[in-house]
Amino acid sequence: MEQTRKEYIHELAIVQEKVAAMGDKACTGVQLAMEALLAGDTELAREVMLADDVLDEMIVDIEDSCILLIAKQQPIAHDLRVIAAGFKISTDIERIGDHAYDIAKTVQDVGVLLDNERLKWVQLLGACAVDMAAKAMRAYREHDVRLADEVRQLDKKMDAIFAHTFYALSEFVTTEAPHQKRITQLLFIARFLERIGDHAVNIAEWVIYLETAERIHKKDKA
Amino acid sequence: MKMTISNLNLYYGEQQALAGVSLEIPRNRVMALIGPSGCGKSTFLRTLNRMNDLIDCVRIDGRIELDGANVYADDMDLVRLRKRVGMVFQRPNLFPMSIYENVIYGCRVHGLSDKKRLDEIVEKSLRRAALWEEVKDRLDDSAMGMSGGQQQRLCIARVLAVEPEVLLMDEPCSALDPISTMKIEELVQELKQEYTIVMVTHNMQQAARVSDYTAFFLNGKLIEHDVTDTIFTNPHDKKTEDYITGRFG
């Protein structure tokens, strides 16, 4: 039979493209924020902060598109899950963008934080956060439930790195008194990166819901 | 289960209209039958009270049970069957009589003539059909002067007057405006407390709003049936998903 509702199907696809584009932009933001942090590059940090305004515009655009589709097309079944996941995932992406902004703002305020040896654990944490966020968005774009599940599993690794980072930085606080303020800021950055991992897990769980209609309950958490 | 349908096949002459349909209809619930035009859902609905018997070339095999009794048994009393399993059609089909006489038409056919009893039935049926307050002062007026929505609710009152157990509704809102449609939908929700309801509808949102169970028909086959929440959030068959989301039909 001939397919109907072509315009509606096209609009649903556009929502998914917008969410994917927003996710890519947020992932790039985290990546650049980490580069700025490691290089003490305040100019790059400023660019990351400016990019956050674009993410704020993108989420409003996605929300408006979703609301219009609900009002005009009454989506159900998988279509409805596209809308529900669009709302939820874009919120998590926006938070990821906010944390990239927070990291960049710290770099802009302070410049070079500490030498690379002391940044080692934060660097690892950042790489893990970028990896999780990028994989979550790839799972969304490619409808890949297995990859989404991998992101959920990576959360354990993230938690372990965060615990090490927290311990190492706490040690520096006591042994390197002149750098206390900077080390405290690094602790905040570590927390932002760990939160980015949590948002990536949320995205992965919405990808699983989108593709399978299965909700991941707290007791099932990886 | 109020009704159980097992391996039902129906033919109009050489043309098979229903193929191997098996379905259980739960008591005091609303079941929506959905599917594109010509899929067999109205034909299926009419088999439940043997309305297809009125068509010459129809041949049916399989089994339909009402409370465990074979609906197609040779000794089935069709008048009694259609009293137990009443039907409301797509368009209001009132008689050119007063509102009062329309309600009690079936009761008179069944031999009831006591005026006091008939008055009670009229009020009770019109109240159940959410129509009493609108017409109580003009029961002797012609039913033909009522709005489409009122006429359809009067048809429902007429069916309820003979105290059926199952209500079959064949697109009962397709000729109604949105407000009248909402009134019928609210009425269906009220009526399911006392009756088992099977409703054919082309309106997906209506099926989602009013039914507890949904059955999807395509090309004479029952493709999928499940609780309505599941059908409209996570149907198992791609054909069901494509139909309810408007991809075809």
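Residues numbered from 1 in each chain as written. Chains lettered and ligands numbered in written order. Predicted model: local features only at pLDDT ≥ 70, side-chain atom pairs only at ≥ 80, totals over all residues. Heavy atoms only, no water.

An unreviewed UniProt entry lists chain B under the name Phosphate ABC transporter ATP-binding protein, with Selenomonas ruminis as the source organism. Word for word, the UniProt comment on chain B under Subcellular location (unreviewed entry) is "Cell inner membrane". On record in UniProt, under Function (unreviewed entry), the comment for chain B is "Part of the ABC transporter complex PstSACB involved in phosphate import. Responsible for energy coupling to the transport system." (UniProt positions renumbered as here; feature names shortened; annotations may be inferred.)

By the naming in an unreviewed UniProt entry, chain A is Phosphate-specific transport system accessory protein PhoU, taken from Selenomonas ruminis. Here chain A is described in UniProt, under the heading Function (unreviewed entry), as follows: "Plays a role in the regulation of phosphate uptake."

Trainee: Sorry, what's going on with the overall build of chain A here?
Mentor: In terms of regular secondary structure, chain A is built from six helices and zero strands. When the helices and strands of chain A are read in sequence order from the N terminus, they spell out α-α-α-α-α-α. By the compact-globule yardstick of 17 Å for 222 residues, chain A fits well, its C-alpha radius of gyration being 19 Å. Looking at chain A residue by residue over its 222 residues, the buried ones come to 47%. The positive charge centre, built from 27 side chains, and the negative charge centre, built from 39, are 4 Å apart in chain A. (Helix = DSSP H or I, 4+ residues; strand = E, 2+ residues; numbered from the N terminus. Rg over C-alpha atoms; globule rule 2.2 N^0.38 Å. Buried < 20%, exposed > 50% of the residue type's maximum accessible area, 1.4 Å probe, protein only. Lys, Arg positive; Asp, Glu negative; His and termini not counted. Charge placed at Lys NZ, Arg CZ, Asp CG, Glu CD.)

Trainee: I would appreciate a short explanation of the sheet that holds strand β2 (residues 15–25) of chain B in the present structure.
Mentor: Strand pairing within a sheet occurs via backbone hydrogen bonds; the two strands may be parallel or antiparallel. Read from one edge of the open sheet, four strands run β2-β1-β4-β5 (chain B), paired in antiparallel fashion. Two strands in the sheet have a free side with no partner beyond their single neighbour: β2 and β5 (69–70) of chain B. (Pairing = 2+ DSSP bridges.)

Trainee: Would you mind going over the pairing of strand β6 (residues 85–88) of chain B with me for this structure?
Mentor: Within a regular beta strand, the side chains point alternately toward one face of the sheet and then the other, so they alternate between its two faces. All names here are of chain B. Across the two faces of β6 the burial is the same, with Val85 and Met87 and Gly86 and Val88 all buried. Relative to strand β7 (residues 166–170), β6 is paired through four bridges, and the arrangement is parallel. The partner of Val85 across the bridge, within β7, is Val166.

Trainee: What should I look at first to understand the packing of helix α1 (residues 6–39) of chain A against helix α6 (residues 180–212) of chain A in this one?
Mentor: A pair of packed helices is captured by two measures, namely the crossing angle of their axes and the spacing between those axes. All names here are of chain A. Where α1 contacts α6, the two axes come as close as 13 Å, and the packing angle between them is 160°. It follows from the interaxial angle that α1 and α6 lie roughly antiparallel. Here the hand of the crossing between α1 and α6 comes out left-handed. Each of Val30, Met34 and Leu37 in α1 lies in contact with α6, whose residues at this interface are Leu186, Ile189, Leu193 and Ile196. Of the residues that constitute the contact of α1 with α6, the class distribution is seven nonpolar, no polar and no charged. (Axes fitted to C-alpha atoms, helices over the stretch in contact; angles between N-to-C directions. Parallel < 35°, antiparallel > 145°, perpendicular 65-115°, else oblique. Left-handed = near helix turned anticlockwise from the far one by under 90°. Contact = heavy atoms within 4.5 Å. Nonpolar A, V, L, I, M, F, W, Y, C, P; charged D, E, K, R; others polar.)

Trainee: Quick question: what am I supposed to make of the UniProt feature "domain: ABC transporter" (unreviewed entry) in chain B here?
Mentor: UniProt tags residues 3–244 of chain B as "domain: ABC transporter" (unreviewed entry). Taken as a whole, residues 3–244 of chain B contains 38% helix and 26% strand, while its terminal C-alpha atoms sit 25 Å from one another.

Trainee: Before we go on, may I ask you to explain the UniProt feature "domain: PhoU" (unreviewed entry) in chain A in this structure?
Mentor: In the numbering used here, UniProt assigns the feature "domain: PhoU" (unreviewed entry) to residues 21–107 and 125–207 of chain A. For residues 125–207 of chain A, helix accounts for 92% and strand for 0%, while the C-alpha atoms at its two ends are 23 Å apart.

Trainee: For this particular structure, what's the right way to read the interface of chain A and chain B?
Mentor: The extent of an interface is frequently quoted as the accessible surface area lost upon association of the parts. Taken together, the contact pairs 16 residues of chain A with 12 residues of chain B. Around 1,200 Å² of area is buried between chain A and chain B when both sides are counted, 53% of it from carbon and sulfur atoms. Taken together, the connections running from chain A to chain B amount to one salt bridge. Close ionic contact of B:Arg247 with A:Asp79 constitutes a salt bridge, the shortest N to O distance being 2.8 Å. Joining chain A to chain B, the criterion identifies five residue pairs in polar contact (both at pLDDT 80 or more). Listing elements by their share of the side of chain A that touches chain B, those giving two or more residues are α1 and α3 (77–110) of chain A. The element that contributes the greatest number of residues to the side of chain A that touches chain B is α3(A), accounting for four residues. Looking at side-chain class alone, the side of chain A that touches chain B contains seven nonpolar, five polar and four charged residues. (Buried area = accessible area lost by both parts, 1.4 Å probe. Salt bridge = Lys/Arg side-chain N within 4 Å of Asp/Glu carboxyl O. Polar contact = N/O pair within 3.5 Å; in protein donor to acceptor, adjacent residues only side chain to side chain.)

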